[in-house]
Amino acid sequence: MVKAIRVVLLCLSVLWVVPKECACRSNFSRNSSSTSSLPPLPQRPSSVNVGALFTYDSFIGRAAKPAFKAAMDDVNADQTVLKGIKLNIVFQDSNCSGFIGTMGALQLMENKVVAAIGPQSSGIAHMISYVSNELHVPLLSFGATDPTLSSLQYPYFLRTTQNDYFQMHAIADFLSYSGWRQVIAIFVDDECGRNGISVLGDVLAKKRSRISYKAAITPGADSSSIKDLLVSVNLMESRVFVVHVNPDSGLNVFSMAKSLGMMGSGYVWIATDWLPTAMDSMEHVDSDTMDLLQGVVAFRHYTIESSVKRQFMARWKNLRPNDGFNSYAMYAYDSVWLVARALDVFFRENNKITFSNDPNLHKTNGSTIQLSALSVFNEGEKFMKIILGMNHTGVTGLIQFDSDRNRVNPAYEVLNLEGTGPRTVGYWSNHSGLSVVHPETLYSKPPNTSTANQRLHGIIWPGEVTKPPRGWVFPNNGKPLRIGVPNRVSYTDYVSKDKNPPGVRGYCIDVFEAAIELLPYPVPRTYILYGDGKRNPSYDNLVNEVVADNFDVAVGDITIVTNRTRYVDFTQPFIESGLVVVAPVKEAKSSPWSFLKPFTIEMWAVTGAFFLFVGAMVWILEHRFNQEFRGPPRRQLITIFWFSFSTMFFSHRENTVSSLGRLVLIIWLFVVLIINSSYTASLTSILTVRQLTSRIEGIDSLVTSNEPIGVQDGTFARNYLINELNILPSRIVPLKDEEQYLSALRRGPKAGGVAAIVDELPYIEVLLTNSNCKFRTVGQEFTRTGWGFAFQRDSPLAVDMSTAILQLSEEGELEKIHRKWLNYKHECSMQISNSEDSQLSLKSFWGLFLICGISCFMALTVFFWRVFWQYQRLLPESADEERAGEVSEPSRSGRGLRAPSFKELIKVVDKREAEIKEILKQKSSKKLKTTQSAAGTSQSQHGEIT
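This structure is a prediction, so every number in the text was calculated from the model and none was measured.

Section: the overall build of the protein chain
(1) Moving on: A count of helical and extended segments in the protein chain gives 30 helices and 33 strands.
(2) Moving on: Across the 946 residues of the protein chain, 48% fall into the buried class.
(3) Moving on: Accessible surface, the protein chain as shown: approximately 46300 Å² in total, 53% of it carbon and sulfur.

Focus on the packing of helix α2 (residues 59–77) against helix α11 (residues 307–319)
Helices that pack against each other are described as a pair by the angle of their axes relative to one another and the distance between those axes.
(1) Moving on: Contact pair α2 / α11: the axes reach a minimum separation of 11 Å and the direction vectors enclose 110°. By the criterion of interaxial angle, the relationship of α2 to α11 is roughly perpendicular. Handedness of the crossing formed by α2 with α11: right-handed. Only Phe312, Arg315, Trp316 and Leu319 of α11 make contact with α2, whose side of the interface consists of Ala63, Pro66, Ala67, Ala70 and Asp74.
(2) Moving on: Its residues placed into classes, the contact of α2 with α11 shows seven nonpolar, no polar and two charged.

Quick notes on the sheet that holds strand β28 (residues 709–712)
Strand pairing in a sheet is mediated by backbone hydrogen bonds. Such pairs are either parallel or antiparallel.
(1) Moving on: Taken in spatial order, the five strands line up as β29-β28-β30-β25-β31 in an open sheet, and their pairing is mixed. Either end of the sheet is taken by a strand with one partner, and the two such strands are β29 (732–735) and β31 (775–778). Between one strand and the next, the sheet's axes are offset by a mean angle of 35°, whatever the strand orientation.
(2) Moving on: In this sheet, β29 lies alongside β28 in parallel orientation, the contact comprising four bridges. Paired with Val711 across the two strands is Pro734, which belongs to β29.
(3) Moving on: Against the sheet, helix α24 (residues 761–768) makes contact with β25 (579–584), β28, β30 (756–760) and β31, and its axis sits at roughly 125° relative to β30, the strand it touches most.

Observations concerning helix α16 (residues 539–547)
Since the α-helix turns once every 3.6 residues, residues separated by three or four places project in the same direction.
(1) Moving on: Residues of α16 that are buried: Tyr539, Leu542, Val543 and Val546. Down the axis of α16, the smallest arc covering the buried residues is 95°, so these residues share one side.
(2) Moving on: Buried-residue contacts for α16 involve β18 (481–486), β21 (525–530), β22 (553–554), α17 (562–565), β23 (568–570) and β33 (790–792).
(3) Moving on: At the C-terminal side of α16, Asp549 shows a positive phi close to 70°.

A short note on the UniProt feature "transmembrane region" (unreviewed entry) in the protein chain
(1) Moving on: As recorded in UniProt, the sites labelled "transmembrane region" (unreviewed entry) are residues 603–621, 633–651, 663–687 and 845–869.
(2) Moving on: Counted over residues 663–687, helix gives 100% and strand 0%. Its end C-alpha atoms are 37 Å apart.

Some words on the pairing of strand β2 (residues 86–93)
(1) Moving on: In terms of strand pairing, strand β1 (residues 47–54) meets β2 through eight bridges, oriented parallel. Within β2, the residue paired with Ala52 across the bridge is Phe91.
(2) Moving on: Crossover β1 to β2 through α2 is right-handed.

Thresholds applied
Residues numbered from 1 in each chain as written. Predicted model: local features only at pLDDT ≥ 70, side-chain atom pairs only at ≥ 80, totals over all residues. Heavy atoms only, no water. Helix = DSSP H or I, 4+ residues; strand = E, 2+ residues; numbered from the N terminus. Buried < 20%, exposed > 50% of the residue type's maximum accessible area, 1.4 Å probe, protein only. Areas by Shrake-Rupley, 256 points an atom, 1.4 Å probe, with all protein chains shown as cover. Axes fitted to C-alpha atoms, helices over the stretch in contact; angles between N-to-C directions. Parallel < 35°, antiparallel > 145°, perpendicular 65-115°, else oblique. Left-handed = near helix turned anticlockwise from the far one by under 90°. Contact = heavy atoms within 4.5 Å. Nonpolar A, V, L, I, M, F, W, Y, C, P; charged D, E, K, R; others polar. Pairing = 2+ DSSP bridges. Arc of directions from axis to C-beta. UniProt positions renumbered as here; feature names shortened; annotations may be inferred. Right-handed = clockwise from strand over helix to strand, strands pointing away.

Here it is as structure tokens:
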């Protein structure tokens with residue numbers, strides 16, 4: 001009894017010891033391949049002790065122990081590592097107990113171990129890490145995956161397996177890939193379970209998903225407790241379960257789920273690496289177990305296929321023929337080799353292994369407990385740096401650690417359990433996310449974890465279905481869907497109270513019911529009216545009731561606005577909406593200048609300019625050919641103006657003779673025809689159609705005025721006018737129903753009414769049917785939005801309802817419901833026509849003017865080219881005549897044609913075409929005679945010579 005008490009006090013005293021901070025601050029990187037170049041140590045110890053702490057009787061322990069022994073034998077047989085030094089492994093059983101594990105760690109330390117490998121339990125790792133910190137002994141765990149085992153808190157702790165931090169990211173990516181936004185986490189309530197699920201929740205939150213319920217299982221819970229837990233989670237909405245438990249007892253969860261009918265169609269089960277570990281550790285998995293796990297998706301540590309791995313697996317049958325092989329056996333094997341290679345570097349750097357007493361362990365304060373047997377590893381910090389800097393390849397692949405002391409290139413294999421066994425459907429790595437390609441083949445490419453790059457093979461889900469389950473149902477806890485409906489007093493055709501079941505009626509209710517009927521599952525529901533029935537309720541408050549979980553959904557004429565979308569999820573809009581301005585209108589008085597209204601000022605100016613321009617062009621082209629375009633300057637100017645404007649009525653009396661003039665005139669007459677026709681049509685519309693006018697032209701003129709504005713009770717219009725348009729709240733008048741709308745508009749601002757009303761278009765359509773055309777919408781619709789149903793944030797029903805609304809729209813059912821409730825016939829136009837908006841502007845005709853301008857330019861170019869050609873032919877004759885009356889000078893004897901004169905060019909342009917042709921004809925005949933005379937003289941001279 002006394003001995004037992006001493007053991008208890010010994011463990012408690014260890015936990016009281018304050019750990020020293022021995023954090024490494026300098027970088028140390030080595031490659032084991034270069035160790036042979038280091039100088040050998042003259043004196044080495046004959047043996048080195050390394051501790052191994054784990055639970056013998058467990059799936060992981062039964063695989064780890066033979067792996068440890070095999071690694072120890074291989075290290076001692078390898079002459080390239082630890083030459084002349086024997087590696088001894090001191091084993092200690094933790095027996096799945098934190099207390100016994102701590103005692104085992106203390107017993108290991110008594111053997112002056114330079115490193116301890118283990119434990120497999122994260123809970124025990126937390127406890128004995130304090131012992132390692134105090135004694136400076138590196139603790140290498142091959143099975144503790146708890147993400148909170150931080151290197152800052154435990155500087156002598158190192159994980160040689162994968163961190164659950166990455167496994168939870170893999171599960172989150174899988175959930176996002178499958179489209180599930182809510183899951184239920186089932187986990188063992190210990191450090192590994194709690195902390196792993198906590199990381200999963202954080203990762204899901206970043207993807208706008210969440211853990212809807214955390215179902216904790218007590219360590220060592222019996223089947224009855226597990227069954228009660230599963231019964232409670234089965235009453236909830238989510239059907240996606242993430243199971244993060246221990247491999248030794250995890251199969252009980254699926255056994256109980258099978259008995260409760262939770263392994264059938266519609267359920268999703270995702271297991272962490274514990275399940276592949278358990279299955280791999282079994283010598284033979286019977287058909288009953290595989291039938292139990294049919295459709296489950298599991299994640300297993302991925303290790304690269306290599307010759308070293310294949311050789312190790314081939315040796316396994318000789319090591320433990322009756323025990324199954326799992327990945328933790330490989331991690332245990334590599335952990336021993338990691339320590340051995342690090343020791344080899346340690347000794348080659350001329351380091352010694354020495355131990356000393358810790359003064360803190362001698363301060364017993366009169367206690368009979370003796371801790372003097374525990375010694376501090378003096379070179380522990382240096383040895384830890386060497387381990388962190390190792391870089392070599394083992395059975396599990398590359399063994400290298402990042403700045404957070406995690407294994408580099410974490411990867412997992414995604415398995416789908418079927419009747420014939422596990423099937424690989426893909427892989428996950430932090431480099432590429434989900435992929436069907438082996439991770440090591442992607443490491444040479446740039447990282448790509450985008451959504452579009454994620455891919456997996458097909459999965460067979462529980463119930464042997466290939467279509468991914470929806471992932472949720474309505475909870476079986478007797479609670480129907482709580483639907484909040486606004487108790488309106490105006491525009492009751494959209495939604496209102498009804499005496500008959502279900503207690504509400506209207507257009508919005510029929511749309512909601514039609515969408516519900518399209519869902520592939522029943523939706524129990526109850527409608528709850530919101531409001532006192534005396535005035536329209538505040539729709540912002542109704543949405544807040546959904547946020548506060550008083551309603552599951554708000555159904556009615558609820559506008560989708562930005563502020564509301566921050567707190568709830570809206571469905572696809574089932575009707576378009578937007579704010580418009582309604583104001584009183586009166587018939588516009590006729591103006592004596594109405595004939596000017598069809599065109600804008602710019603149009604009138606450009607049209608007049610083109611009349612003059614085309615007239616000038618035709619005069620230039622016809623002046624040399626047509627006698628009607630010649631004469632005194634005054635007459636020619638009058639001709640230009642007369643011809644220009646007479647073409648407006650096609651009454652020009654002058655005939656065109658030249659081809660270029662006719663071309664320009666034909667194109668211009670076509671332009672005039674279009675302009676005349678457009679002007680006539682527009683003027684007819686202005687003079688014959690009833691023209692209405694209003695003091696308020698739209699939202700801009702309404703904002704700049706100081707007159708009161710009417711809005712509907714409860715809608716978002718009031719907040720929009722105040723917050724977005726900066727209108728004073730004192731100007732806004734809330735109105736109860738249609739009668740108040742019409743009354744306030746009739747009275748006007750001077751009689752206590754309003755100048756205009758701002759409301760949504762669907763309401764205005766109803767209002768104007770009863771206004772006898774005395775009120776119209778003015779201006780344009782200045783917001784664009786729609787009505788939708790407001791669900792709680794991340795509600796999966798919102799997505800299904802949006803799909804159903806789209807289906808109703810495609811099938812024409814929405815239009816049928818609209819005609820049933822809102823089939824209003826407007827005898828008068830809703831919107832007044834603005835005379836300025838109906839004016840014809842230059843942008844409608846600039847193409848015609850462009851064609852006309854180009855044709856004029858081309859004709860003018862051809863004309864001047866012809867004139868210049870003629871001028872060049874006439875120029876030599878003028879030069880000869882001038883030289884005949886002057887004495888030629890030697891300096892000018894070599895000059896050719898003199899430079900063209902602008903005055904002479906103008907004279908040529910002004911001459912008639914017939915005169916030019918006659919001069920050219922005479923010049924040509926004269927030149928011919930001169931040539932003949934010169935030829936005759938030459939012949940006579942030749943005859944005299946001969």
